[in-house]
Amino acid sequence: AVVSTQSTGKMMTEVDVPLGKLTNEKMRHLLLLKNSEKYIDRLTDSMHSQLRLCDKMEDSIEEMKQRISEAERTYEEGEPKMQRAIETTKLLKSCVETELSKKYKGRPVRIMGDINTL
C-alpha cells in the first residue's frame, strides 16, 4: 500500500495531539507522583519550607505593623516639642537680631542661614 504525503501528515497530526497531552508538564508530574517516593518527599519538603516561610512573613508583617505604630506614636509625641523648639528658636533669633542692631547703632541686622528655613 502506497501512503501519500498528505495522509502521512494527517497521521502525524493525529499522533502528535495525544502524544503532546501525554508528555506535557502536568502529566510528567502526575507520573512522578505515582512512581517516585523520593519525588513525593521532595515536594512535601518544599511545601513545608514554603509554609515555614509564610509563617515567618506573617510574623514579619506583624512586627512591621508594630514598628509603624510605634514610629507614629513617637512622631506624635515629638511634634509638639519640635514646634515649641522652633518657636523658641525664632524668638531667640529675633532677640539676637534686636540686640545686635542696638550694638551697631540701630542699623538693621538680619541673621541668615538655615535658621530662616524653620
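Residues numbered from 1 in each chain as written. Predicted model: local features only at pLDDT ≥ 70, side-chain atom pairs only at ≥ 80, totals over all residues. Heavy atoms only, no water.

### Thoughts on the overall build of the protein
Regarding its fold elements, the protein presents three helices and zero strands. Here the protein has a C-alpha radius of gyration of 39 Å; the compact-globule value for 118 residues is 13 Å, and the former is much larger. Dimensions of the protein along its principal axes, counting C-alpha atoms only, are 125 × 40 × 20 Å. The 118 residues of the protein split such that 6% are buried. Just so you have it, the protein exposes about 10900 Å², and 61% of that area is on carbon and sulfur atoms. The average position of the 21 basic charges and that of the 20 acidic charges among the side chains of the protein differ by 8 Å. (Helix = DSSP H or I, 4+ residues; strand = E, 2+ residues; numbered from the N terminus. Rg over C-alpha atoms; globule rule 2.2 N^0.38 Å. Buried < 20%, exposed > 50% of the residue type's maximum accessible area, 1.4 Å probe, protein only. Areas by Shrake-Rupley, 256 points an atom, 1.4 Å probe, with all protein chains shown as cover. Lys, Arg positive; Asp, Glu negative; His and termini not counted. Charge placed at Lys NZ, Arg CZ, Asp CG, Glu CD.)

### What to know about the confidence of the model for the protein
With 99% of its residues at a pLDDT of at least 70, the protein reaches an overall mean of 91. Taken element by element, the predicted model of the protein shows its lowest mean pLDDT in helix α1 (residues 5-22) (86) and its highest in helix α3 (residues 37-103) (95). (pLDDT = per-residue confidence, 0-100.)

### Some points on α3
Between the first and last C-alpha of α3 there are 93 Å, a value that for 67 residues agrees with the 99 Å anticipated at 1.5 Å per step. A bend of about 30° at G78 is the largest found in α3, and the proline P80 appears one to four places after it. For α3, the full list of buried residues reads Y39, I86, K93, E97 and S101. Buried-residue contacts for α3 involve α2 (25-35). The backbone nitrogen of Y39 has a side-chain oxygen 3.1 Å away, supplied by the residue at the start of α3, namely S36. Just downstream of α3 lies K105, where phi reads positive at about 60°. (Expected span 1.5 Å × (residues − 1). Bend = angle between axes of the 7 residues up to and from the residue. Contact = heavy atoms within 4.5 Å. Polar contact = N/O pair within 3.5 Å; in protein donor to acceptor, adjacent residues only side chain to side chain.)

### As for the environment of R42
Positionally, R42 belongs in helix α3. A relative accessible area of 54% places R42 in the exposed class.

### Structural notes on the packing of α2 against α3
Following both chains from N to C, one finds α2 and α3 inclined at 110°, their axes separated by 6 Å at the closest point. Judged by the angle between their axes, α2 and α3 are roughly perpendicular. Residues H29, L32, L33 and N35 of α2 pack against E37, Y39, I40 and L43 of α3. For the contact of α2 with α3, the per-class residue count stands at five nonpolar, two polar and one charged. (Axes fitted to C-alpha atoms, helices over the stretch in contact; angles between N-to-C directions. Parallel < 35°, antiparallel > 145°, perpendicular 65-115°, else oblique. Nonpolar A, V, L, I, M, F, W, Y, C, P; charged D, E, K, R; others polar.)

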